[in-house]
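Architecture at a glance
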Amino acid sequence: MVKRALGHTNISVTPVGMGTLTMGFSQKNLSIEEGAEVILHAAEQGINFFDTAQYYDTYRYLAPALAKIRQKNLEPPVICSKTLETDYDGAVNAVKECLQALHISSVDIFLLHEVRGREDFYQRKEAWQALLDLKNEGLIRAIGISTHHVDACLEMAVIPECDVVFSLINKAGLGIRNGANPGTREDMEEAIRKCHDAGKGIFTMKAFGGGNLIEDYRSCLDYASQVPGNDSVMIGMANWEQVDRAVEYFEQVLPESYEPDVSGKRLMVDQSDCEGCGTCKNRCVSQAIFWNEQGLAEIDPAKCVHCGYCAPVCPVRAIIFL
């Protein structure tokens, strides 16, 4: 698979990357053996870019997969990880945890995870400084942020130390925020363009809107892959079929007739994203959404009629189709 330069980082990645969140505890919860085999299969099919995070608890899949990749003399993959930590020591420990868990001496990309707007970035300045210091020590090759927020993405264009931005974008604009308000697809396109023009590497998430747009598989990837400045589309994958179809699309051999099987999927609330605002609960016409013990939204599958009305109104894209 043809690779693309990730901004000015001297890192080259395939136009599609594999996100490991889907296989973790919050979604499919695969066994270590199952998860490692999916990652190895992706590497064998030519994908060289893998995303993980401290919170995802997916290092346990990547470590044995990396060992098998080395045994098979496959190309060393590009690894991106992230942390939610806000202070200096917490971020340092997060990077060290990543290196130790994956048995590597340095990590290609390490990000501040889920930066919720421009102000949040500056509130995490100690953690940012830690990433910068560790980069200078040679433990990280490139640093940046992951974000759903237009204002955070825009700010990275003027931060010279930022190498890469991992931003949310999809054809319906689901989950895009701009400060405390909803953002638009066009807003994020402009922010990505400015970051690209400033030499930042860009890769994007949620092309299928958390699975809510998955029936429009081809058009979702047509849009995300053609966003100007986007170097790679990161797709959550948890089985061989998802890997194979993504590779076929990016190698331009996916049959025009392809439609993903969604018969076994269900709507669920990602508890790591939900803020308990109640918007989805108020929108649900079948009273299938309730508050759990943590004060967050959950969906009762016995009542859910799969109308999908709740997902578009969620301000933080917490409702996914899994």
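Refer to the structure above for everything that follows.
Not measured: the values here are computed from a predicted model.

Here we come to the sheet that holds strand S12 (residues 232–236). The parallel closed barrel is built from eight strands, whose spatial order is S3-S4-S5-S6-S7-S8-S11-S12. Each neighbouring strand pair of the sheet contributes to a mean axis angle of 25 degrees, computed without reference to strand direction. The strands touched by helix H3 (residues 88–102) within the sheet are strand S5 (78–83), strand S6 (107–112) and strand S7 (140–147), with S6 carrying the most contacts at an inclination of about 145 degrees. Where helix H9 (residues 240–250) meets the sheet, it contacts strand S3 (16–19) and S12, and its direction lies at approximately 160 degrees from that of S12.

Summed over the entire model, instances satisfying the criterion amount to eight aromatic pairs. With a centroid separation of 4.4 Å and 25 degrees between ring planes, the pair formed by Phe-166 and Phe-203 is classed as stacked. A residue pair is termed long-range when its members are at least 10 positions apart, and Phe-166 in strand S8 (residues 164–168) and Phe-203 in strand S11 (residues 201–205) qualify at 37 residues. Classification of Phe-166 as buried rests on a relative accessible area of 3%. With relative accessibility at 0%, the residue Phe-203 sits in the buried group. Here the aromatic residues Phe-49, Phe-166 and Phe-203 are joined through ring pairs into a cluster of three or more.

With that settled, the discussion passes to the pairing of S12. Within S12, four of the five residues are buried, leaving the element largely enclosed by the surrounding structure. Where S3 and S12 come together, four bridges link them in parallel fashion. The partner of Gly-17 across the bridge, within S12, is Met-234. Sheet analysis places S11 next to S12, joined by two bridges and oriented parallel. Note that in S12 the partner of Thr-204 across the bridge is Val-233. In the classification by handedness, the crossover that spans S11, the intervening helix H8 (residues 217–225) and the parallel S12 is right-handed.

Packing of H3 against helix H5 (residues 125–136) brings their axes to within 7 Å, and their N-to-C directions diverge by 45 degrees. Considered as vectors, H3 and H5 are oriented oblique to each other. With respect to the hand of their crossing, H3 and H5 are arranged in right-handed fashion. On H5, the residues touching Tyr-88, Ala-91, Val-92 and Val-95 of H3 are Glu-126, Ala-127, Gln-129, Ala-130, Leu-131, Asp-133 and Leu-134.

To continue, consider the state of the cysteines. By the definition in use, this model includes zero disulfides. Here Cys-153 is not disulfide-linked; the sulfur of Cys-195 is the nearest cysteine sulfur, at 3.9 Å. No disulfide involves Cys-304; its nearest neighbouring cysteine sulfur is the one of Cys-310, lying 6.6 Å away.

Calculation criteria
- As a convention, each chain's residues are numbered from 1 in the sequence order in which they are written.
- Only residues with pLDDT of 70 or above have their local features reported here, since the model is predicted, and side-chain atom pairs are shown and tallied only from 80 upward, although totals for entire chains, interfaces and linings are computed over all residues.
- Where side-chain values are given, they derive from all heavy atoms of the structure, hydrogens and water being excluded.
- Strands qualify as paired when DSSP identifies two bridges or more between them.
- For the purposes of this entry, the term helix denotes a DSSP run of H or I that reaches at least four residues, the term strand denotes a run of E that reaches at least two, and both are numbered from the N terminus.
- For helices, the axis comes from a line fit to the C-alpha atoms of the stretch in contact; other axes are also lines fit to C-alpha atoms, and the angle between any two N-to-C directions lies between 0 and 180 degrees.
- Residues count as neighbours in contact if any of their non-hydrogen atoms are within 4.5 Å of one another.
- Any two rings among Phe, Tyr and Trp, with Trp reduced to its six-membered ring, count as a pair given centres within 6.5 Å; such a pair is stacked if its planes are under 30 degrees apart, edge-to-face if over 60, and tilted if neither.
- When a residue's accessible area, from a 1.4 Å probe over protein chains only, is under 20% of the maximum for its type it is buried; when over 50% it is exposed; and in between it is partly exposed.
- If you view a crossover with the strands going away from you and the path from the first strand over the helix to the second runs clockwise, you call it right-handed.
- Orientation labels follow simple angle bins: below 35 degrees gives roughly parallel, above 145 gives roughly antiparallel, 65 to 115 gives roughly perpendicular, and whatever is left gives oblique.
- Two helices cross in a left-handed way if the nearer one is turned anticlockwise from the farther one by less than a right angle. They cross in a right-handed way if the turn is clockwise.
- Any two cysteine sulfur atoms within 2.5 Å of one another count as a disulfide.

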